[in-house]
Amino acid sequence: MDLDLGDPADALRARLRELLTELLPDDWAGPFSDDPEVRRVVRSVLDRLADERLLTIDWPVEYGGAAASVWESTVLREEMWAHLEPRGPQYMGLSWVGPTLMAFGTEAQKRTHLPPIAAGRRIWCQGFSEPEAGSDLGSLSLPATADDDGWVINGQKIWTSYAPIADWCFLAARTSHDVRSKNRGVTIFLLPMDRAGISVRPIASMMGEQHLNEVFFDEVRASRADVLGEVDEGWQVIKYVLNHERVGIPRYARDERLLAELAETTRDADPASRADFARALVHARTARLLNHRAIALREQGGLTDRAASGARIASIQLDQEVAGLVLDILGPAGLRPGTDGLLSHAEDVYRYARSATIASGTIEIQRMLVARSLMQEAKQ
Amino acid sequence: MNRAWAPEARDLQSAVRSSLAGLGGVELARAAEEKAAVRVEQLRPALESLGVLELDPLGEEVESSAAVLAVRACGEVVAPYPVTRVLSVPAAMRPGVDALYVVDGCAGFLEHADLFEQAIAVDANGGGVRRAANRSAAVRAPLDPFGAAVDLVDGAGGVAVTESAVLMSYVLDAFWIAGALQTVATDAARYATQRRQFGKAIATFGEIRWRLADIAVAVDGLDEMATFTWFQVRRGRASIADALAVRLAMLEAAGSVLRNAHQVLGAIGLCEEHDLTVVDRHVTPTLIRPFGQGRTVALLVDAIDRFGYGGTFDVAPGDGSIPTI
Ligand SMILES: Cc1cc2nc3c(=O)[nH]c(=O)nc-3n(C[C@H](O)[C@H](O)[C@H](O)COP(=O)(O)OP(=O)(O)OC[C@H]3O[C@@H](n4cnc5c(N)ncnc54)[C@H](O)[C@@H]3O)c2cc1C
């Protein structure tokens, strides 16, 4: 039994902290802003990480990666999340679009897409959710109607993060209706966002810019070359993506950083707040350990819903607990955005945490999965 | 990272499980409540024959793993013998000392203290080591089935208990409770698929599923915390803050699992016939002695201030010195 992440992972963490200290300004508030200075910082982080081959550290060597261990890849994600994701929306391409292309893409698709993703030069958005298809993603209905030259797409997607700045869309559309299974008949299309007929409308939300948008499709044409995987079998691809997403987000790392930075202020707080702080530290450790367990199990090919969704439940609840605690302990001073380190973004963290139990599958759905898994185990 | 327990340790855990199952599982706890001698007549010999009571959790890795997994197996049936207290005694003090209790000031009653002539009590607040002199048989109470009156008296012969032994004592409690909660989780999940109301299994109701999910997350979280803290104690990286953290995780997990499981089982779960009731009552002494949640948190706050707390980002101790973790 050895629960350490290992020397290479520790060394990587140290290197990343060095780099981020050098590259991120003191008032770094995250990448989701139209401010040109913020874009410059994101660019410099991406270029530097790409130069040091850290962007694709966990990709296979044949695709320009370093075939790093799963723990190095975990450390990379933890440090990025803890530092307010300085790679910006590029993290999606690196974390799941790239690996999904490797698993399902044609050689031509890999050649087109993987190099710019690896260089941190291509932003993707995920076109899954629809107005009538949220948790019940299988009921998605955006029609892609076949004709002689391919398909024509008409309708809309919603909640599509980063759509206004995205270069490409990873789109799930309905190409046929199978009365026996609604999961059949879905096809994944890889479409450039500047293709004729695609338009985006940002939705103002409490999370701020970029997070929520609508994407409209008006007589948008797609060809066989745009299809990822098999026609009508896109559900397999979606499952692969969702599996990547659900153990991929190390929210606990940002929460542990927030708590570490909050410690000083907490020493002067009232006893009840100090007690809440201590509890949150225990919950953060627990969430981290559950996430590491899920990652280890996935690595061994033994990941269960109980482990994967259980880890997520712990993380997303922690996120809201810590966001509330930080604001509570900072008091009125925390209500307004500042420019002095992570804690001065407490209000942003708080707003964003509201979505933790909704985005990428709601906590209710996660609980359903854990319960089902526990019942299956109990039967055995 | 390598999350696999040593095979020898797993083997012993299986052997303890089947031995306890052979003695009736949770039935043994019921029987001991009726007739306290069951503890020494049936259970102790079984544990002795497997070598459980000689294990040193601070010894070699395999032995230490075997100790915590055996304790977990005992917890699964709330085995009525204080295996955690016996194994908490540092190897160097055995056989002169036969049980180690952590206490908070005075003690009054301690579970199974009637079984020992040479028990010691370590004060959780650094108040030193005293002798736990037993002065009554176990006096049965619903939430304290095996509590026996003790006097804490000076005269432990100036023995010093190492910090790691005290930390390991908290870890052993966490493994014991983790075992008990795993049993509760499995029972609740099985019951939910069998019990039918409104023409369907109650497992089809969202509210029941969410309770089951919260149970599973709590049990798994405690298992991870117990294992992690064990690992840190063994490597000399833990402070009392880590021990109190695992205790808090244990108390919160137990609260959530027991509350949710009772709700899933409805009235039947409250019956003495049902294992849930027995497990619930029998784990309570460990949740309350030496202290419950409020005091655990208060001590944890203080410990974090003194020693810091390790994480992806460490919390530094209050005086700004380097964390010992
Ligand atoms: C910040 C953010 C970013 C997002 N980014 C993207 C993106 O980039 N691309 C994309 O495609 N989508 C994105 N989403 C959408 C996200 O995937 C959905 O919000 C999510 O799947 C839930 O769907 P919904 O919001 O429609 O809620 P609904 O599914 O309508 O759920 C409403 C409530 O009903 C509950 N509920 C639903 N079904 C059940 C059930 N069977 N049992 C019990 N309770 C149930 C839910 O848990 C929830 O509490 C994003 C969402 C957020 C918040």
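Residues numbered from 1 in each chain as written. Chains lettered and ligands numbered in written order. Predicted model: local features only at pLDDT ≥ 70, side-chain atom pairs only at ≥ 80, totals over all residues. Heavy atoms only, no water.

- By the naming in an unreviewed UniProt entry, chain B goes by Acyl-CoA dehydrogenase/oxidase C-terminal domain-containing protein and is assigned to Mumia zhuanghuii.

- In the nomenclature of an unreviewed UniProt entry, chain A is known as Acyl-CoA dehydrogenase family protein of Mumia xiangluensis.
- According to the UniProt record, the Sequence similarities (unreviewed entry) comment for chain A is "Belongs to the acyl-CoA dehydrogenase family."
- Of chain A, the UniProt comment under Cofactor (unreviewed entry) reads exactly: "FAD". (UniProt positions renumbered as here; feature names shortened; annotations may be inferred.)

**A word on the sheet that holds strand β8 (residues 227-228) of chain A**
Residue and element names in this part refer to chain A.
Here's step 1: Taken together, 4 strands build an open sheet; the order of strands is β1-β4-β5-β8 and the sheet is mixed. The strands lining the two open edges of the sheet, one partner per strand, are β1 (124-127) and β8.
Here's step 2: The pairing of strand β4 (residues 168-174) with strand β5 (residues 186-192) spans 7 bridges and is antiparallel. Considered in β5, the bridge of Cys169 is made with Leu191.
Here's step 3: Packing against the sheet, helix α4 (residues 90-104) makes contact with β1, β4, β5 and β8, and its axis sits at approximately 70° to β1. (Pairing = 2+ DSSP bridges. Helix = DSSP H or I, 4+ residues; strand = E, 2+ residues; numbered from the N terminus. Contact = heavy atoms within 4.5 Å. Axes fitted to C-alpha atoms, helices over the stretch in contact; angles between N-to-C directions.)

**Topic: the domain arrangement of chain A**
In many analyses, interface size is given as the accessible surface area lost on bringing the parts together.
Residue and element names in this part refer to chain A.
Here's step 1: The domain boundaries assigned to chain A delineate domain 1 (7-88), domain 2 (125-233) and domain 3 (247-379).
Here's step 2: If you average the C-alpha positions of domain 1 and of domain 2, the two centres end up 29 Å apart.
Here's step 3: The interface of domain 1 with domain 2 comprises 4 residues on the first partner and 5 residues on the second.
Here's step 4: In this assembly, domain 1 packs against domain 2 so that about 360 Å² is buried in total across both faces, 55% of it on carbon and sulfur atoms. (Domains from an automatic or database assignment. Buried area = accessible area lost by both parts, 1.4 Å probe.)

**Re the site of the ligand**
Here's step 1: Taken together, 19 residues sit near the ligand, with A:Gln126, A:Ser129, A:Ser135, A:Thr362 and A:Glu364 positioned nearest.
Here's step 2: Surrounding the ligand are residues belonging to chains A and B, so the site spans chains.
Here's step 3: A distance of 2.7 Å separates a nitrogen atom of the ligand from a polar atom in the backbone of A:Gln126.
Here's step 4: Taking A:Ser135, its side chain carries an N or O atom lying 2.6 Å from an oxygen atom of the ligand.
Here's step 5: Take the shell around the ligand: its biggest share by element is 3 residues, from helix α11 (residues 363-379) of chain A.
Here's step 6: Within the shell around the ligand, the residues separate by chemical class into 9 nonpolar, 9 polar and 1 charged. (Near = heavy atom within 4 Å. Polar contact = N/O pair within 3.5 Å; in protein donor to acceptor, adjacent residues only side chain to side chain. Nonpolar A, V, L, I, M, F, W, Y, C, P; charged D, E, K, R; others polar.)

**Some details on the UniProt feature "domain: Acyl-CoA dehydrogenase/oxidase C-terminal" (unreviewed entry) in chain B**
Here's step 1: The UniProt record marks residues 172-294 of chain B with the feature "domain: Acyl-CoA dehydrogenase/oxidase C-terminal" (unreviewed entry), using the residue numbering of this structure.
Here's step 2: End C-alpha atoms of residues 172-294 of chain B are separated by 21 Å, and the span's content is 76% helix alongside 3% strand.

**Observations concerning the interface of chain B and chain A**
Here's step 1: The partner chain A presents 49 residues to the 54 residues of chain B that form the contact.
Here's step 2: Where chain B abuts chain A, roughly 4,700 Å² becomes buried across the two surfaces, and 65% of that area is made up of carbon and sulfur atoms.
Here's step 3: Contact with chain A buries surface across chain B, with B:Met1, B:Thr312 and B:Phe313 losing the most and accounting together for 18% of the total.
Here's step 4: Scanning the region where chain B abuts chain A turns up 8 salt bridges.
Here's step 5: For B:Asp242, the salt bridge goes to A:Arg285, with nearest N and O atoms at 2.7 Å.
Here's step 6: Inspection of the chain B/chain A interface yields 21 residue pairs in polar contact (both at pLDDT 80 or more).
Here's step 7: The set of elements that each furnish at least two residues to the side of chain B that touches chain A consists of α6 (163-194), α7 (206-234), α8 (240-265) and α10 (293-307) of chain B.
Here's step 8: Sorting elements by how many residues they give to the side of chain B that touches chain A places α7(B) first, with 17 residues.
Here's step 9: In terms of residue class, the side of chain B that touches chain A is built from 29 nonpolar, 12 polar and 13 charged. (Salt bridge = Lys/Arg side-chain N within 4 Å of Asp/Glu carboxyl O.)

**Quick notes on the layout of surface pockets**
Here's step 1: Size it by volume and the second largest pocket reaches roughly 770 Å³.
Here's step 2: What lines the second largest pocket is a set of 30 residues, among which A:Arg293, B:Arg10, B:Arg72, B:Asp220 and B:Asp223 lie closest to the centre.
Here's step 3: The set of elements that each furnish at least two residues to the lining of the second largest pocket consists of α8 (271-299), α9 (305-330) and α11 of chain A together with α1 (7-22), α4 (61-76), α6 and α7 of chain B.
Here's step 4: Its residues placed into classes, the lining of the second largest pocket shows 10 nonpolar, 8 polar and 12 charged. (1 Å grid on protein atoms, 1.4 Å probe; cavity = no way out; pocket = protein on both sides within 12 Å on 5 of 7 lines; lining within 4 Å. Points joined across faces, edges and corners; volume = space filled by probe spheres on them.)

**A closer look at the packing of aromatic side chains**
Here's step 1: In total, this model carries 11 aromatic pairs over all chains according to the counting rule given.
Here's step 2: Here A:Phe128 and A:Phe170 contribute two aromatic rings whose centre-to-centre distance is 6.1 Å and whose plane-to-plane angle is 65°, an arrangement assigned as edge-to-face. With A:Phe128 in the loop between β1 and β2 (144-147) and A:Phe170 in strand β4, this pair connects stretches of sequence that are 42 residues apart. Pair check on accessibility: A:Phe128 and A:Phe170 agree, each one buried.
Here's step 3: On the basis of an interplanar angle of 50° and a centroid distance of 4.9 Å, the ring pair of B:Trp5 and B:Trp230 is categorised as tilted. Linking B:Trp5 in the segment before α1 with B:Trp230 in helix α7, this pair joins segments that are 225 residues apart in sequence. (Phe/Tyr/Trp six-rings, centres within 6.5 Å; stacked < 30°, edge-to-face > 60°. Buried < 20%, exposed > 50% of the residue type's maximum accessible area, 1.4 Å probe, protein only.)

**Here we look at the environment of A:Glu52**
All names here are of chain A.
Here's step 1: Structurally, Glu52 is set in the loop between α2 (36-51) and α3 (70-82).
Here's step 2: Ignoring anything within four residues of it in the chain, the contact list for Glu52 reads Arg15 and Leu19.
Here's step 3: One polar contact links Glu52 to Arg15, side chain to side chain, over a distance of 2.6 Å.

**As for the UniProt feature "domain: Acyl-CoA dehydrogenase/oxidase N-terminal" (unreviewed entry) in chain A**
Here's step 1: As recorded in UniProt, the sites labelled "domain: Acyl-CoA dehydrogenase/oxidase N-terminal" (unreviewed entry) are residues 11-120 of chain A.
Here's step 2: In the segment residues 11-120 of chain A, helix accounts for 63% and strand for 0%; the C-alpha atoms at its two ends are 23 Å apart.

**Some thoughts on the UniProt feature "domain: Acyl-CoA dehydrogenase/oxidase C-terminal" (unreviewed entry) in chain A**
Here's step 1: Sites flagged by UniProt as "domain: Acyl-CoA dehydrogenase/oxidase C-terminal" (unreviewed entry) map to residues 232-374 of chain A.
Here's step 2: Annotated as 73% helix and 0% strand, the span residues 232-374 of chain A places its first and last C-alpha atoms 32 Å apart.

**Quick notes on the pattern of salt bridges**
Residue and element names in this part refer to chain B.
Here's step 1: By the definition in use, this model includes 56 salt bridges over all chains.
Here's step 2: Among the salt bridges present, the one from Asp275 reaches Arg30, with a minimum N-O distance of 3.0 Å. Highlighted residues: Asp275 in helix α9 (residues 275-288) and Arg30 in helix α2 (residues 26-34), separated in sequence by 245 residues.
Here's step 3: What makes Asp275 partly exposed here is its relative accessible area of 25%.

**A look at empty space enclosed by the protein**
Here's step 1: On inspection of all chains with the given rule, the structure shows 6 cavities of 30 Å³ or more.
Here's step 2: Within this model, the largest cavity holds a volume of roughly 80 Å³.
Here's step 3: Contributing to the lining of the largest cavity are A:Ala263, A:Thr266, A:Arg267, A:Arg274, A:Phe277, A:Ala278, B:Val301, B:Ile304, B:Asp305 and B:Val315.
Here's step 4: Secondary structure elements with two or more residues in the lining of the largest cavity: α7 (251-266) and α8 of chain A together with α10 of chain B.
Here's step 5: A per-class count over the lining of the largest cavity returns 6 nonpolar, 1 polar and 3 charged.
Here's step 6: Taken as a whole, the second largest cavity holds about 60 Å³ of empty space.
Here's step 7: Forming the boundary of the second largest cavity are A:Leu55, A:Thr56, A:Asp58, A:Trp59, A:Leu76, A:Arg77, A:Arg87, A:Leu94 and A:Ser95.
Here's step 8: A class-by-class count of the residues in the lining of the second largest cavity yields 4 nonpolar, 2 polar and 3 charged.

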